[in-house]
Every structure is written in structure tokens, then in C-alpha cells.
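# Coordinates in review
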Amino acid sequence: MKTRMFSVLCQNVPGVMMRISRSFTRRQINLDSITVGIEPSGLARVILTFKADDRLAEFMRRVLARAEPIIDVEVIDPERSIAREIALLKTKKLDEEQLWKVVQKVESAGGKVLEDKGNVLIIELSGSHEHIEKVVAELGPDILREVARSGQVLISRETT
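Residues numbered from 1 in each chain as written. Predicted model: local features only at pLDDT ≥ 70, side-chain atom pairs only at ≥ 80, totals over all residues. Heavy atoms only, no water.

### Notes on the sheet that holds strand β4 (residues 70-75)
As summarised here, the arrangement of the four strands in space is β2-β3-β1-β4, forming an open sheet in which the pairing is antiparallel. Two strands lie at the open edges of the sheet, namely β2 (31-38) and β4, each paired on one side alone. Neighbour-to-neighbour, the strand axes of the sheet open up by a mean angle of 20°, direction not taken into account. Bridge analysis of strand β1 (residues 2-10) against strand β3 (residues 44-52) gives nine bridges, and the strand direction is antiparallel. The residue bridging F6 from the neighbouring strand is L48, located in β3. Lying on the sheet, helix α1 (residues 16-25) is in contact with β1, β2, β3 and β4; it crosses β3 at an angle near 15°. The strands touched by helix α2 (residues 54-66) are β1, β3 and β4; relative to β1, the strand with the most contacts, the crossing angle is about 10°. (Pairing = 2+ DSSP bridges. Helix = DSSP H or I, 4+ residues; strand = E, 2+ residues; numbered from the N terminus. Axes fitted to C-alpha atoms, helices over the stretch in contact; angles between N-to-C directions. Contact = heavy atoms within 4.5 Å.)

Structure below.
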């Protein structure tokens, strides 16, 4: 099984997220990430990330395409799109030496410290899903108290 990404264009109506997620729940497929944005047209674009083999991914594409408020389901090729994620990290109370090491690690990873109160840092980090996973794993549960992540957002590199 490998990670799959769908971009679902649908009407922005109450219950559409429930219908989409229920389609996966019924088949016992875990959604790794789900994000929603509103297009300039007023339609909603839902980005879904999940793990499946080729057969199951194609089956889910057909299931979603048949659903009532859904207009289009596009299978996303990571090579032809740019995907990013944002994470906010809160540390435990750190001593001065730990604090300095965390700040260095975060800045070297392209993140920035948003707040430092009482030796507790709030950090903003953005990048690929794998990049965020790596930094969170490096800091680990001994340093981090809380992690909030946006889920993946993406846009196609296609120009047509």
C-alpha cells in the first residue's frame, strides 16, 4: 500500500464532509489527512490523503465520483504538484541549554519561534509532510508537549 492523494471538487453544502469521510469509514480506510479550501467559484476543494493499493484507490475514486454533491475527483500525482503542510509546535518547559538547542534545530529546519514565554516555545514549521514528520520525531516527546498540524494542501504544477 502506498500513500494516495485525491483532490475532490464539490458543492459547498452542509454534510458534504460527512458524506466523503463516511465513504472511507464504511470501507475501514483511515484518512491520514483531510483539508478543505473554498475555490473562487464558491465550490469546495477537499484534499484527501490515505493509504491504499491501486485497486482500492481506483475503487474509492469511483465511489466518490458517484456521490451527489461531488463534481470531480482528481487523483493527484505528487510529482506533478506541490504539497505543503503547516505545523505549530509547543514545547515543554525547557532549561536554557535545551531552549538554545531547540531554537537552533528549528531555525536550521526553516521554522521560526513565534513565542517564548517562561521557557516554553511556540514554533511554526512548514514544508513537506515528510519534513514535518522528521522535525517532530527529532524533537520527540521529551521536548514537545503539543503538535497541531494543518494537513496537506496542494496545488497542481499543470498550466492548463
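### Here we look at a nonpolar patch on the surface
Residues M17, I34, V36 and I38 make up a contiguous nonpolar surface patch of roughly 310 Å² in combined accessible area. With three residues, β2 is the single largest residue contributor to the nonpolar patch. Checked against the element boundaries, M17 lands in helix α1. (Patch = residues over 30% accessible without salt bridge, like charges linked within 9 Å, V, L, I, M, F, W, Y side chains within 5 Å. Areas by Shrake-Rupley, 256 points an atom, 1.4 Å probe, with all protein chains shown as cover. Salt bridge = Lys/Arg side-chain N within 4 Å of Asp/Glu carboxyl O.)

### Section: the side chain of N119
Assignment of secondary structure puts N119 in the loop between β6 (112-117) and β7 (120-127). Separated by 3.2 Å, the side chains of N119 and E96 make a polar contact. N119 has contacts with T91, K92, K93, L94, D95, E96 and L99, leaving out every residue within four places of it along the chain. (Polar contact = N/O pair within 3.5 Å; in protein donor to acceptor, adjacent residues only side chain to side chain.)

### With respect to the environment of I123
By the element assignment, I123 lies in strand β7. Linking I123 and K101, residues 22 residues apart in sequence, is a C-alpha distance of 13 Å. Every residue in contact with I123, bar those within four places of it in the chain, is listed here: A87, L88, L89, T91, V102, V106, K112, V113 and L114.

### Here's the deal with the packing of aromatic side chains
For the structure shown, the criterion picks out two aromatic pairs. Centroid distance F6 to F50: 5.0 Å. Interplanar angle 75°. Geometry classified as edge-to-face. A residue pair is termed long-range when its members are at least 10 positions apart, and F6 in strand β1 and F50 in strand β3 qualify at 44 residues. Pair check on accessibility: F6 and F50 agree, each one buried. (Phe/Tyr/Trp six-rings, centres within 6.5 Å; stacked < 30°, edge-to-face > 60°. Buried < 20%, exposed > 50% of the residue type's maximum accessible area, 1.4 Å probe, protein only.)

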